[in-house]
Amino acid sequence: MPIHIRRGWELPESAATPEHLVLGRRKAMLGLGSILAAGTVIHPAGAQDAPSVAAMRNPRFEPGRALTAEREATNYNNYYEFGTSKGVASVAQRLPQRPWTVKLDGMVETPVELGLDDLLKKVSLEERVLRHRCVEAWAMTVPWTGFPMSALLKMATPLASAKYVVFETAADRATMPGLRQSWFPWPYKEGCTIAEAGNELCFMAVGLYGKPVPPQNGGPVRVLFPWKYGFKSGKAITRITFTDQRPVSFWEKLQASEYGFWANVNPQVPHPRWSQARERLLGSGEMVPTQLFNGYADFVASMYTDIKGENLYL
Ligand code: MTE
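- The protein goes by Protein-methionine-sulfoxide reductase catalytic subunit MsrP in an unreviewed UniProt entry, where it is assigned to Teichococcus aerophilus.

**Regarding the overall build of the protein**
- The helix and strand inventory of the protein stands at eight helices and twelve strands.
- The buried share among the 314 residues of the protein stands at 54%.
- In the protein, of all internal contacts separated by at least 6 residues, the share reaching a separation of at least 24 is 75%.
- When the accessible surface of the protein is totalled, it reaches about 13700 Å², and 54% of it is carbon and sulfur.

**Re the nonpolar core**
- Counting 81 residues, the largest nonpolar core has Trp 144, Met 149, Phe 167, Met 204, Trp 227, Ile 240 and Phe 242 as the members making the most contacts within it.
- Discounting chain neighbours no more than four positions away, the residues touching Met 204 are Thr 145, Gly 146, Phe 147, Met 149, Leu 152, Phe 167, Val 221, Arg 222, Val 223, Ile 237 and Ile 240.

**Details of the pairing of strand E5 (residues 164-169)**
- Counting buried residues in E5 gives six out of six residues, a clear majority hidden from the surface.
- Side chains Tyr 164, Val 166 and Glu 168 of E5 all project onto a buried face; the interleaved residues Val 165, Phe 167 and Thr 169 project onto the opposite face, where all are buried too.
- Pairing analysis gives five bridges linking E5 to strand E6 (residues 189-193), with the strands arranged antiparallel. Note that in E6 the partner of Phe 167 across the bridge is Glu 190.
- For E5 and strand E10 (residues 237-243), the ladder comprises six bridges, and the chain directions are antiparallel.

**Comments concerning the pattern of salt bridges**
- Tallying each qualifying case throughout the model produces 16 salt bridges.
- Ionic pairing is found between Lys 211 and Glu 70, a salt bridge with its closest N-O pair at 2.6 Å. Separated by 141 residues along the polypeptide, Lys 211 in strand E8 (residues 211-212) and Glu 70 in helix H2 (residues 70-73) bring together distant segments of the chain.
- For Glu 70, a relative accessible area of 22% corresponds to the partly exposed category.
- A salt bridge links Lys 121 to Asp 118; the shortest N-O distance between them is 3.3 Å. Placement of the pair is Lys 121 and Asp 118 together in helix H4 (residues 116-121), with a separation of three residues, close to one helical turn.
- The class of Lys 121 is exposed, set by a relative accessible area of 68%.

What counts and what doesn't
- Residues numbered from 1 in each chain as written.
- Predicted model: local features only at pLDDT ≥ 70, side-chain atom pairs only at ≥ 80, totals over all residues.
- Heavy atoms only, no water.
- Helix = DSSP H or I, 4+ residues; strand = E, 2+ residues; numbered from the N terminus.
- Buried < 20%, exposed > 50% of the residue type's maximum accessible area, 1.4 Å probe, protein only.
- Contact = heavy atoms within 4.5 Å.
- Areas by Shrake-Rupley, 256 points an atom, 1.4 Å probe, with all protein chains shown as cover.
- Core = buried A, V, L, I, M, F, W, Y, C linked by side-chain atoms within 4.5 Å.
- Pairing = 2+ DSSP bridges.
- Salt bridge = Lys/Arg side-chain N within 4 Å of Asp/Glu carboxyl O.

Below, the structure written as structure tokens:
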């Protein structure tokens, strides 16, 4: 790994987007980043102990778009803990999926630490077909199985003074080679407001295409904010912390001018380096118009009407 010794006149690394990330995202924009030629579906190691994730589909989440093929969605991933290419599916199989513990802590009445399978006994699973829009302008539509984040809010009972929720994800040096990029602010953490976490659309996923979420897509448990750019949806969640301080999350620390706290999808607000007006569908490569809040305005727009003076779309 080349080591870069910073000179006095250079920006701190935390203030600049690393070139390979820029190039990686640029490649995705050009449609060159795909490594799907082989098109194999990789089945997760260690998930054989996981309970069934079969669940009824919730018809409220009709995506209005064709499903993305499973092999596309599970072979084109962003997961920097495993590397900066889209082809991390095979190396991600190393992340053990069980035992897995999720901690709920911080400003809560009842801190909770539960094995994932015990947690799953306390919630009702449902399937939702959801659109996912990456900030890099590619998109997919996939069936997730899981439960609303609001179920965890009920379990932990945040204090009235808690205003934000931080989702911390696994940082396992034994299996994640990307952690050797030591200047990245590991562990990957992203946050939201309590209202956003309690919104019906905020979802904790344990299944994908009717099977346990494969490691490369965030198994064994991942949060989803379908109305926000995909980087807000942390994979392999280990800890959920309630706080009164607005968190500065992973991408915001790396490049705040490009990846902000809110990151709500908006086709009218370009990323500083590219347009967000359209998106490329994984698989077909078709370019389609991007929708405000990724098409979920009816669920979420009211949360933002009173927030003034902030860029809600970065
Ligand atoms: N979560 C972690 N822990 N690490 C990551 O690098 N990448 C994010 C998000 N969650 C990421 C993460 C980004 S940029 C996107 S677009 C989505 O995961 C990609 O999800 P997918 O690989 O399931 O499509």
